[in-house]
Amino acid sequence: MNVRLENMASIATFDPMSWRVIRCGLYLVFLLFCEVLLAEEKALDASAESNVEILWRGCQLCHSTIEMQRGPMIEGLPQWYLHQQLEKFSTGIRGKLSENKSEWLMGSAIKQFGDSEDWPRLAAYIANLPALEPLRTVRGNHEKGKALYAMCASCHGPMAKGNQVLGAPPLNVQEDWYLREQLMKYRSSMRGYHPQDLGGATMRAVASSLTNEQIKNIVFYLSSLQKPPKGRVPSKGQSHSRD
């Protein structure tokens, strides 16, 4: 009984400063724990960024201006479009037709460059790169091309800036030789052949009736819409003239 009374007396006379010290100690422990978590998160972010840079260097084996035979420049294309195309290549919607050699190479190569978890970050990284000023290699008739482009403008926009809602990419940042090549591939069903490629099927239908001359005129007109935006830098090296 006396022991119990002594314990109660000691509690009653406990110094409030001790509680403050304990609370301060717990608060400091909490702050230290938060700092550890933030440091780990920053380390993960840095690791992810480093991984994306490594992936981009791999992409540049083809998507650069160093080689004469190369893929298109893709810097500055919107993230949604880049991600969409990576998904199409990975699922076989694009890149499975061996006759279309450039797409078939891309379909084979994508297996070597990370997995689908990396692609949103990779697409964002490429989209944030300054677009390169393309070298013009296709010649045509500007006025005829403008008239023909009217049917394209309903999806790609009057200034060819694209429309994400319609799944139409911008055409004013892509190289003329590549645009010409893709229209010809749509026309011959070397692109847009997969039943799940709805946008590709639309493009195939549009391109099916175009002549070589009309394709050149459309692409030549699109070149006039390629006004270098802020941050665009001149490309180095040469690309093939496809005339």
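Residues numbered from 1 in each chain as written. Predicted model: local features only at pLDDT ≥ 70, side-chain atom pairs only at ≥ 80, totals over all residues. Heavy atoms only, no water.

A. Up close: the overall build of the protein chain. Assigned secondary structure in the protein chain consists of nine helices and two strands. Secondary structure elements of the protein chain occur, N-terminal to C-terminal, as α-α-α-α-α-β-α-α-α-α-β. Across the 243 residues in the protein chain, those meeting the buried criterion constitute 35%. Taking all contacts inside the protein chain whose residues are at least 6 apart in sequence as the whole, residues at least 24 apart take part in 73%. For the protein chain, the accessible area works out to roughly 15000 Å², and carbon and sulfur atoms hold 61% of it. (Helix = DSSP H or I, 4+ residues; strand = E, 2+ residues; numbered from the N terminus. Buried < 20%, exposed > 50% of the residue type's maximum accessible area, 1.4 Å probe, protein only. Contact = heavy atoms within 4.5 Å. Areas by Shrake-Rupley, 256 points an atom, 1.4 Å probe, with all protein chains shown as cover.)

B. Spatial organisation of the nonpolar core. One finds Y149, A160, L171, V219 and L222 to be the most contacted residues of the largest nonpolar core, which totals 17 residues. If you list the elements that add at least two residues to this core, you get α6 (142-156), α7 (176-187) and α9 (212-224). Per-element tally for this core: the top contributor is α9, with five residues. Residues within four places of Y149 in sequence aside, it is in contact with H156, G157, P158, A160, L171, Y221 and L222. (Core = buried A, V, L, I, M, F, W, Y, C linked by side-chain atoms within 4.5 Å.)

C. Quick look at the environment of I215. Within the fold, I215 resides in helix α9. Sequence separation between I215 and L179 is 36 residues; the distance between their C-alpha atoms is 9.0 Å. Residues within four places of I215 in sequence aside, it is in contact with R180, L183, M184, R187 and L210.

D. Layout of the pattern of salt bridges. Under the definition given, this model contains five salt bridges. Put simply, K88 and D197 hold a salt bridge, and the shortest N to O gap is 2.8 Å. You can see K88 sitting in helix α3 (residues 79-91) and its partner D197 sitting in the loop between α7 and α8 (198-207), a full 109 residues away along the chain. With relative accessibility at 16%, the residue K88 sits in the buried group. D197 sits in the buried class, given a relative accessible area of 2%. The closest approach of N and O atoms between E103 and R94, which form a salt bridge, is 2.6 Å. Classification of E103 as buried rests on a relative accessible area of 4%. Assessed through its relative accessible area of 5%, R94 is described here as buried. Among the charged side chains, a network of salt bridges with common partners joins R94, E103 and R191. (Salt bridge = Lys/Arg side-chain N within 4 Å of Asp/Glu carboxyl O.)

E. Representation of the packing of aromatic side chains within the structure. Under the counting rule described, the total for this entry stands at three aromatic pairs. Plain terms: the ring middles of Y149 and Y221 are 5.8 Å apart, the flat faces sit at 45° to each other, and that makes the pair tilted. Linking Y149 in helix α6 with Y221 in helix α9, this pair joins segments that are 72 residues apart in sequence. By the burial criterion, Y149 is buried, and Y221 matches it. Each ring, one from W177 and one from Y178, has its centre 5.8 Å from the other, and the planes form 85°; the classification is edge-to-face. Residue W177 is classed as buried on the basis of its relative accessible area, which comes to 2%. (Phe/Tyr/Trp six-rings, centres within 6.5 Å; stacked < 30°, edge-to-face > 60°.)

F. Representation of helix α5 (residues 119-127) within the structure. Every buried residue of α5 is accounted for by W119, L122, A123 and I126. What you see down the axis of α5 is that its buried residues fit within an arc of 100°, all on one side. (Arc of directions from axis to C-beta.)

G. Seen up close, α6. Spanning 15 residues, α6 covers only 18 Å between terminal C-alpha atoms, well under the ideal 21 Å at 1.5 Å per step. Along α6, the residues that are buried comprise G145, Y149, C152, A153 and H156. Summarising the contacts, the buried residues of α6 are in contact with α8 and α9. Where α6 begins, the capping side chain belongs to N141, and its oxygen is found 3.1 Å from the backbone nitrogen of E143. The positive-phi residue at the C-terminal boundary of α6 is G157, with phi of around 90°. (Expected span 1.5 Å × (residues − 1). Polar contact = N/O pair within 3.5 Å; in protein donor to acceptor, adjacent residues only side chain to side chain.)

H. Layout of the packing of α3 against α5. One way to put it is that α3 packs onto α5 with a least axis distance of 8 Å and a crossing angle of 135°. Considering the angle they form, α3 stands oblique to α5. Of the two elements, α3 crosses α5, and the hand of that crossing is right-handed. Each of Q79, L82, H83, L86, E87 and S90 in α3 lies in contact with α5, whose residues at this interface are W119, P120, L122, A123, A124, I126 and A127. Tallied by class, residues from the contact of α3 with α5 come to nine nonpolar, three polar and one charged. (Axes fitted to C-alpha atoms, helices over the stretch in contact; angles between N-to-C directions. Parallel < 35°, antiparallel > 145°, perpendicular 65-115°, else oblique. Left-handed = near helix turned anticlockwise from the far one by under 90°. Nonpolar A, V, L, I, M, F, W, Y, C, P; charged D, E, K, R; others polar.)

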